[in-house]
Amino acid sequence: MMRTIEVLIVIIIITAAFLISSFFAVLPSPRQVSPLNLRRLALTTLQSLDSDYALSEVVFSEPDDPVWSQLQIALSACLPPNIVFNLTVYEVHSEGGTELYVLKKSISNAESLGIQSDAASYLVASSNVTYNYRIERVGASGGGGTLYILNCTDANGWWITGYTAQSLAGDLYNLLSPYFQKTIPINNTQQLGQVLNGTALAGETLQNAVVINTCGEAVPIPSGYYNSSGVGYDASHSSYARYSYTLGQRVRQYNWTWVSIVGYPLYYVSNTGLFPNEQNDWGIYGMRSVGAAGLNAFLQGLDNQAYSYDSGWITGEPGLVYLSSNTLYYCNYYGIYPSSYQTSTRALPSSILSTYHLNVTSCIFNQVGNWIPGAVYRHASVGSTNYTGSLFALGLARTPDIRLTALGLLCDYKPRLYRSDYNATDTSRLVVLQLGQVGGV
Amino acid sequence: MNNRGQFSIIAALLVAVILIATVIITYSTIRNSPIQQQPQVLSAIDETNLALKQVLGFTVGYYGSVLQITGNSTYAKMLAANYLQSGLVNIGNMHPDWGISFNVNLLDMRAYWFANSSYSMGNIVVNYSLTGLGMYGVTYQTSCKLSVQTGASTPDGQMYIVVTEDEDEPLINLGKQNFKFYCYVQENSTWVKKNPDSEPIAFANGTYLIGAPQGVDPYSYVVLVEDPRGIVVIASSFSAYACSIQWNPQYIETKYAVTGSALAITGAPDGNYATIAKGTTCEVTDYQGGTGIIRQVYFNITYYGSGTGALNWSYRLDGGTWNNIGELPQGGSAPSPLTRTYNATSLRASWTWSNLNTTDIQFRNNLNSQDAYVDSMYVTLLVEKDIYANLRDATVVVELLQNGTMRWLGQNLQITTSLKPVPPLPVKAIHVNQTINGVNQEVPFQIEDWASSFQIPLGLTNNASVFNSGNMMVFLMNPNVSKVTVWWNGSDTAVQTSYAFANRYFVDDPSRGILYNKILNLTVDFSGNNFRITSKLGTVQSTANFMRINGEWSVYGSDPVFAIYNGSVRDIIHAEAEWDTSMGGGGARDCPNLYAHIVIALPANATYYTYQFKLMFIQSSLNRNISDLCLLQLQTTVQQSTWGADWSKTLTENGINSTGYPIVSNSPGFFYNQSNVWEHHWSEFIENNHGFGVMTTTQQNIQLYTFDSFAGAKTGGINITDTRNFSSQTATVEIKPVSPLARVYPFTQKFDALWYGAVATFDGEKPIYPDAGGTTGLWIIAEYPPTITLTTENWV
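Remember, it's a predicted structure, so these values are computed and weren't measured experimentally.

(A) Highlighting the overall build of chain B. The number of helices and strands found in chain B is seven helices and 49 strands. For chain B, whose C-alpha radius of gyration is 39 Å, the value lies well above the compact-globule estimate of 28 Å for 796 residues. Summarising its shape, the C-alpha atoms of chain B cover approximately 160 × 90 × 50 Å along the three principal directions. Taken over 796 residues, chain B has a buried fraction of 57%. Partitioning the contacts of chain B with sequence separation of at least 6, the portion at a separation of at least 24 is 70%. Carbon together with sulfur atoms contributes 50% to the accessible area of chain B, which is approximately 30,000 Å² in total.

Structure follows, in structure tokens:
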């Protein structure tokens with residue numbers, strides 16, 4: 001009898017255990033056991049959409065472009081009916097080594113993707129933006145971008161063998177204008193005076209401009225104010241070195257980069273109307289010698305020092321000089337290949353760096369001893385990190401090779417030809433497709 | 001035994017506990033262990049691999065963009081590798097949780113461009129780890145490729161282009177924006193890229209049928225194809241320029257009949273007709289004579305007549321049977337006769353002057369009842385003057401510019417076909433071959449940088465650069481050369497041929513002013529303010545001084561620039577001429593506001609050097625008064641017996657005769673643009689073919705008179721003097737655009753002028769013109785330069 005009872009108890013226990021186990025043994029839903037792989041679906045969908053690069057094209061469209069709605073239609077067609085989606089496009093920025101993702105556009109066919117969703121990301125790059133070399137102009141991101149080329153018909157040049165100032169201006173225009181926001185030829189000394197007075201010629205930005213003097217060792221001088229005593233003329237020394245001083249001050253004031261393409265900078269002043277009967281001793285009229293005092297005065301003006309007539313010759317003759325490694329790098333970058341060695345007979349001394357608070361930002365040639373054959377000198381006042389005016393002087397013997405002028409400027413301003421970083425602005429976009437599943441089990 | 005039931009209960013309880021625990025654990029594991037985990041790893045790998053493939057495509061595209069700027073493929077690969085790295089960083093940043101790290105085992109990029117079968121491709125092997133997902137050491141290898149094959153063009157100018165990608169899969173989704181054709185703009189010497197005007201027709205095998213944009217030659221074109229991955233290929237329907245050289249000049253000459261069945265039909269058409277009755281004939285059998293090689297022969301007839309029946313004409317060779325040329329159209333009248341021409345060139349394998357006179361032309365009147373009338377029957381010939389027969393080794397320096405122009409001594413060579421501008425090829429890719437005496441071989445050449453419209457030499461072109469509007473390709477050729485082929489190797493890894501830079505001919509020493517091509521020695525004296533050149537060949541020596549204005553010689557404040565020395569095919573120096581205060585004032589006497597520039601080049605294999613003189617007169621408020629402008633003065637003093645027993649002679653071309661040969665003056669004097677005699681291409685001082693002289697092309701001969709219009713009278717010319725003193729003799733040759741014949745005044749305007757020519761020195765052979773006379777001499781290369789027929793082809 002007792003055994004019968006025990007057997008019953010055992011049966012009850014086993015049955016209870018089975019029931020309890022059955023309670024815990026609730027099978028997951030079929031969707032959970034073998035779920036639709038939303039991540040994989042998202043990725044393959046993105047791949048399908050981009051198989052003929054349509055997606056790459058669309059994601060670079062403007063946010064209000066109708067192609068977005070076409071993309072939404074295509075997405076709906078690609079996905080099963082019970083799948084809802086959200087496609088988000090980010091622009092990828094790289095700033096200071098940190099990636100930044102800026103939302104550009106988002107399209108969706110549902111307000112919510114439910115509690116269970118998954119996403120895949122896909123990176124696309126714009127071939128239009130990235131892989132055609134395109135010149136990024138100096139000043140494109142603000143701050144200048146104007147190139148002035150002195151093309152003064154009433155001023156003559158010197159040490160520009162084989163050229164006239166006007167033919168040089170034409171060649172320089174062809175070479176450099178693609179790299180600047182605006183290239184303005186200054187066609188006469190009156191226009192030069194206007195620019196020196198701070199008045200733009202064609203709505204250009206005056207500040208931070210580059211001014212190339214195509215007259216070689218001569219510099220055009222406007223008549224009137226700029227040749228008046230105390231402004232352009234130093235009566236006590238019968239010299240127009242004072243004009244160079246004023247020029248230096250203007251360069252400082254407007255933060256210009258003054259470019260001397262050959263020889264001794266600012267050695268003559270030139271204006272055929274102002275000096276009709278004066279010449280440079282070589283039969284070129286409309287020109288008057290200033291001598292070494294011109295450059296000294298210019299540097300004084302640039303450094304905001306008091307004007308002091310100084311006719312001391314400061315340049316040296318290091319002879320054969322070679323392009324710096326930095327310049328050679330940019331030869332390749334810009335596809336400009338002047339001869340790698342040149343003859344320098346008017347190199348500036350390194351002492352001007354401390355005397356006039358100059359910093360060499362681009363050394364076109366390797367320095368030879370204390371001589372700097374060609375460099376961009378940027379002026380910064382004591383205690384300041386802001387540049388206030390610059391001089392780019394190529395102290396080479398004639399004949400000038402204007403490719404060196406162009407290369408020097410490009411080395412210093414480094415306008416971008418190629419999108420050098422994968423994630424440079426507007427070159428790549430991140431597409432995230434998030435999918436959710438709706439409907440019954 | 002009594003406890004056996006309790007044990008059963010205890011056993012059942014244990015079974016129950018185990019059962020429940022097992023079920024709970026099992027199902028808990030099932031429920032809480034996401035099945036998605038495994039697919040997540042797979043997705044991550046897929047996504048990473050996909051991103052890597054994309055990045056590779058972009059990198060190859062980037063590489064292609066750099067190669068369009070520089071021919072330095074090492075540099076381009078460096079930039080592209082940097083780009084790839086930034087791409088990998090970007091992939092990592094997309095999923096920081098994955099913890100991706102990459103190790104690039106191989107990055108291989110290649111391009112083969114500017115050929116009819118061109119491509120860009122890349123291979124990559126990357127080893128990466130997804131530490132966040134526990135994956136390590138995944139190796140992924142992928143590649144991408146874009147190939148472009150240019151096909152034949154249709155007669156209506158449509159081009160077939162086949163585009164494939166990766167494993168030669170057709171790429172069929174390109175639009176017109178993906179094709180950019182290179183179009184040369186002559187005005188500013190630049191290449192611009194043009195899309196087709198209409199969408200191309202795409203075929204399933206990747207073939208596109210594209211209409212040529214305006215300005216693009218559909219039979220010789222360069223096209224940039226860019227696929228949506230950004231991969232760029234520049235393909236060209238050709239990879240070589242073939243220049244067939246015609247050395248001897250060819251002229252059309254008309255030779256009228258001198259013997260005929262009727263007098264009226266001989267001679268030129270003159271309106272005097274022979275009446276040919278029905279059923280009768282008239283013939284011409286002999287013609288005016290001539291010299292040269294007959295290349296083509298044409299029969300001509302001038303006649304009229306009409307009626308029922310036919311008019312026919314026939315020819316007969318060497319007394320054989322008459323062969324009918326054909327039926328002549330009827331009509332015409334005496335004041336307005338009909339003319340017909342028949343190309344008879346193929347009737348003989350070659351034509352000589354003698355068998356021309358055994359060629360008869362007959363007219364037959366087969367009208368039923370009407371007379372016919374014949375004015376003249378004659379032949380026209382294309383005759384080649386075989387003037388280079390005895391001048392097989394005279395060197396001509398050809399300068400090929402980007403726009404396709406070929407120059408020699410400042411004059412464009414005549415090109416019988418349209419110009420073919422040189423594409424923006426990497427300089428290192430260029431080769432030059434010549435067919436010399438029937439043998440095709442690679443030859444030296446050099447590519448030079450010039451500024452200011454090819455007026456200022458800058459030096460040899462860097463082999464990393466891309467051929468551009470400032471480049472000049474220079475090669476030599478002589479009459480043994482029948483074909484010149486400029487071809488290129490489109491591989492990005494091509495190495496510049498040594499023929500482009502290796503010095504084979506020169507032994508120069510710029511520090512001593514020596515330029516020597518192992519034939520002619522030039523000594524440049526730049527001591528003090530001098531710039532003069534003494535040329536020496538064997539026993540002959542002459543000195544050149546440059547730029548004299550109103551009696552004042554120029555001075556040189558700077559040393560000349562040795563722009564190219566120990567060159568491949570030529571040396572170049574240049575200098576600025578100035579006028580100082582030595583003769584009062586400053587600048588050239590009575591000629592202010594003037595810049596001057598001199599370029600001297602010494603070619604290899606030549607007994608001459610070339611010059612380029614440039615004067616830039618700027619606008620002047622002061623008058624200029626020029627009565628003497630001497631660009632070049634050549635001078636030497638020799639003993640009477642130096643080169644022979646006789647005094648040396650001065651010879652100058654003073655016009656040309658009816659057969660195109662020089663009329664030679666052996667008198668000194670000033671040779672200017674006299675009425676009807678302006679041809680003074682050359683002047684020399686010579687004895688027994690020893691001596692020196694100057695020569696220039698026809699265009700530059702005319703340029704010698706450029707100031708005549710300013711002077712209002714004849715003033716430019718060549719002056720040659722011969723001063724004898726006891727047994728010595730001093731000869732001087734001067735190139736003078738302005739002479740005392742007429743002054744140039746006031747001449748205040750801006751004016752640029754250029755003069756080109758050559759100074760030859762000869763020591764027993766290759767004179768400009770032999771003093772014994774004859775029909776040979778270097779004058780021929782100046783006066784009758786070769787003509788070029790330019791075609792494009794694919795170099796194999």
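From this point, the narrative continues.
(B) Representation of the nonpolar core. All names here are of chain B. Counting residues in each nonpolar core, the largest one holds 288 residues, and the members touching the most others are Phe546 and Met547. A total of twelve residues in this core trace back to one element, the largest contributor, which is helix α2 (residues 37–67). Apart from the residues lying within four places of it in its own chain, the contact partners of Phe546 are Phe531, Arg532, Ile533, Trp553, Ser554, Tyr556, Ile598, Ile600, Phe613, Leu631 and Leu632.

(C) Structural context of unusual backbone geometry. Residue Thr399(A) follows Arg398(A) across a cis peptide bond; omega there is 10 degrees. By secondary structure assignment, the location of Thr399(A) is in the loop between β17 (387–394) and α13 (402–413). Following Tyr745(B), the chain continues to Pro746(B) via a peptide bond in cis, the omega torsion being 0 degrees. The phi dihedral of Ser453(B) falls on the positive side, at around 55 degrees, and the residue is not glycine. Along the chain, Ser453(B) turns up in the loop between β27 (445–451) and β28 (456–460). Not every positive phi belongs to a glycine, and Asn689(B) is a case in point at roughly 65 degrees.

(D) Just the pattern of salt bridges, in detail. All names here are of chain B. For the structure shown, the criterion picks out 33 salt bridges over all chains. When the shortest N-O distance is used, the salt bridge between Arg512 and Asp509 registers 3.3 Å. The exposure class of Arg512 is exposed, given its relative accessible area of 58%. Since its relative accessible area comes to 23%, Asp509 is described here as partly exposed.

(E) Inspection of the interface of chain B and chain A at higher detail. In this complex, chain B contributes 92 residues to the contact, which on the side of chain A involves 79 residues. There are four salt bridges connecting chain B and chain A. The salt bridge involving Arg398(A) is made with Glu576(B); its shortest N-O contact spans 2.6 Å. Those elements that place two or more of their residues in the side of chain B that touches chain A are α1 (4–32), α2, α3 (73–94), β27, β28, β37 (570–577), β38 (594–603) and β39 (608–617) of chain B. It is α1(B) that provides the largest number of residues to the side of chain B that touches chain A, a total of 16 residues.

(F) Up close: the side chain of Thr154(B). All names here are of chain B. Of note, Thr154 is situated in the loop between β3 (135–153) and β4 (158–165). Here Thr154 falls in the buried class, since its relative accessible area comes to 14%. Leaving out residues up to four positions away in the same chain, Thr154 has contacts with Tyr160, Leu209 and Tyr219.

(G) The side chain of Thr399(A), seen in detail. Taking the relative accessible area as the measure of exposure, Thr399(A) reaches 15% and is therefore buried. With sequence-adjacent residues up to four places away left out, Thr399(A) is seen in contact with Thr161(A), Tyr163(A), Ile456(B), Val561(B) and His574(B).

(H) Region of interest: the packing of helix α8 (residues 189–196) of chain A against helix α9 (residues 241–254) of chain A. All names here are of chain A. Where α8 meets α9, the axes come as close as 11 Å, and the angle between the chain directions of the two elements is 50 degrees. Of the possible angle classes, the one that applies to α8 and α9 is oblique. Contacts between α8 and α9 involve Leu192, Val195 and Leu196 from the first element and Tyr243, Leu247, Arg250 and Tyr254 from the second. Classifying every residue of the contact of α8 with α9 gives six nonpolar, no polar and one charged.

(I) Focus on the packing of helix α11 (residues 325–334) of chain A against α3(B). Packing of α11(A) against α3(B) leaves a shortest axis separation of 10 Å and a crossing angle of 90 degrees. In terms of their interaxial angle, α11(A) and α3(B) are classed as roughly perpendicular. For the pair formed by α11(A) and α3(B), the contact residues are Tyr329(A), Asn332(A) and Tyr333(A) on the first element and Tyr75(B), Met78(B) and Leu79(B) on the second. Residue composition of the contact of α11(A) with α3(B), by class: five nonpolar, one polar and no charged.

(J) Looking closely at the domain arrangement of chain A. Partitioning chain A into structural domains gives domain 1 (33–128 + 424–437) and domain 2 (134–419). The straight-line distance from the C-alpha centre of domain 1 of chain A to that of domain 2 of chain A is 52 Å.

(K) Molecular detail of the pairing of β17(A). Residues and elements named next belong to chain A. Buried residues dominate β17, accounting for six of its eight residues. In the sheet, strand β8 (residues 257–260) pairs with β17 via four bridges, with the strands oriented parallel. Considered in β17, the bridge of Val259 is made with Phe392. Relative to β17, strand β16 (residues 374–380) is paired through six bridges, and the arrangement is antiparallel. Counted as the bridge partner of Ala380 is Tyr387 from β17.

(L) Main features of the confidence of the model for chain B. Residues and elements named next belong to chain B. Per-residue confidence for chain B gives a mean pLDDT of 93; residues scoring 70 or more make up 98%. The low-confidence segment residues 35–39 (pLDDT under 50) makes six contacts with residues lying over four places distant or belonging to another chain. Predicted as a complex, the structure gets a pTM of 0.86 and an ipTM equal to 0.86.

(M) Spotlight on the packing of aromatic side chains. On inspection of all chains with the given rule, the structure shows 61 aromatic pairs over all chains. Summarising the aromatic geometry, the rings of Tyr254(A) and Trp256(A) are spaced 5.0 Å apart at their centres and angled 40 degrees between planes, so their arrangement reads as tilted. We note that Tyr254(A), like Trp256(A), is buried. Arranged with centres 5.2 Å apart and planes meeting at 55 degrees, the rings of Phe531(B) and Tyr556(B) form a pair that is tilted. Placement of the pair is Phe531(B) in the loop between β32 (521–525) and β33 (532–537) and Tyr556(B) in the loop between β35 (552–553) and β36 (561–564), with a sequence separation of 25 residues. Phe531(B) sits in the buried class, given a relative accessible area of 4%. A relative accessible area of 3% means that Tyr556(B) is categorised as buried. Put simply, the rings of Tyr179(A), Tyr329(A), Tyr330(A), Tyr333(A), Tyr334(A) and Tyr75(B) touch in pairs and so form one group of aromatic residues. Against the face of Trp351(B) rests Arg348(B), its NZ or CZ located 5.1 Å from the ring centre. Positioned above the aromatic ring of Tyr745(B), the side-chain terminus of Arg743(B) is 4.2 Å from the ring centre.

(N) Representation of the sheet that holds strand β7 (residues 218–220) of chain A. Residues and elements named next belong to chain A. Strand order in the open sheet made by the three strands is β7-β9-β10, with mixed pairing throughout. At either margin of the open sheet sits one strand with a lone partner, and together these are β7 and β10 (287–289). Averaged over all neighbouring strand pairs, the angle between strand axes comes to 25 degrees, with direction disregarded. With three bridges connecting them, strand β9 (residues 268–270) and β10 associate as antiparallel partners. Residue Val269 lies in a different strand from β10, and its bridge partner there is Arg288.

(O) Region of interest: the pairing of strand β17 (residues 309–317) of chain B. Residues and elements named next belong to chain B. Taken together, the nine bridges between β17 and strand β20 (residues 359–367) define a ladder with antiparallel strand orientation. The partner of Ser314 across the bridge, within β20, is Gln362. For β17 and strand β18 (residues 323–328), the ladder comprises five bridges, and the chain directions are antiparallel. Looking at the pairing, Leu311 lines up with Leu328 of β18.

(P) Up close: the sheet that holds β27(B). All names here are of chain B. Read from one edge of the open sheet, six strands run β24-β23-β22-β29-β27-β28, paired in antiparallel fashion. This sheet does not close on itself; its edge strands, each paired only once, are β24 (411–412) and β28. Note: strand β22 (residues 396–401) against strand β29 (residues 471–477), six bridges, orientation antiparallel. Paired with Leu401 across the strands is Met472, a residue of β29.

Definitions and cut-offs
Residues numbered from 1 in each chain as written. Chains lettered and ligands numbered in written order. Predicted model: local features only at pLDDT ≥ 70, side-chain atom pairs only at ≥ 80, totals over all residues. Heavy atoms only, no water. Helix = DSSP H or I, 4+ residues; strand = E, 2+ residues; numbered from the N terminus. Rg over C-alpha atoms; globule rule 2.2 N^0.38 Å. Buried < 20%, exposed > 50% of the residue type's maximum accessible area, 1.4 Å probe, protein only. Contact = heavy atoms within 4.5 Å. Areas by Shrake-Rupley, 256 points an atom, 1.4 Å probe, with all protein chains shown as cover. Core = buried A, V, L, I, M, F, W, Y, C linked by side-chain atoms within 4.5 Å. Salt bridge = Lys/Arg side-chain N within 4 Å of Asp/Glu carboxyl O. Axes fitted to C-alpha atoms, helices over the stretch in contact; angles between N-to-C directions. Parallel < 35°, antiparallel > 145°, perpendicular 65-115°, else oblique. Nonpolar A, V, L, I, M, F, W, Y, C, P; charged D, E, K, R; others polar. Domains from an automatic or database assignment. Pairing = 2+ DSSP bridges. pLDDT = per-residue confidence, 0-100. Phe/Tyr/Trp six-rings, centres within 6.5 Å; stacked < 30°, edge-to-face > 60°. Lys NZ or Arg CZ within 6 Å of the ring centre and 35° of its normal.

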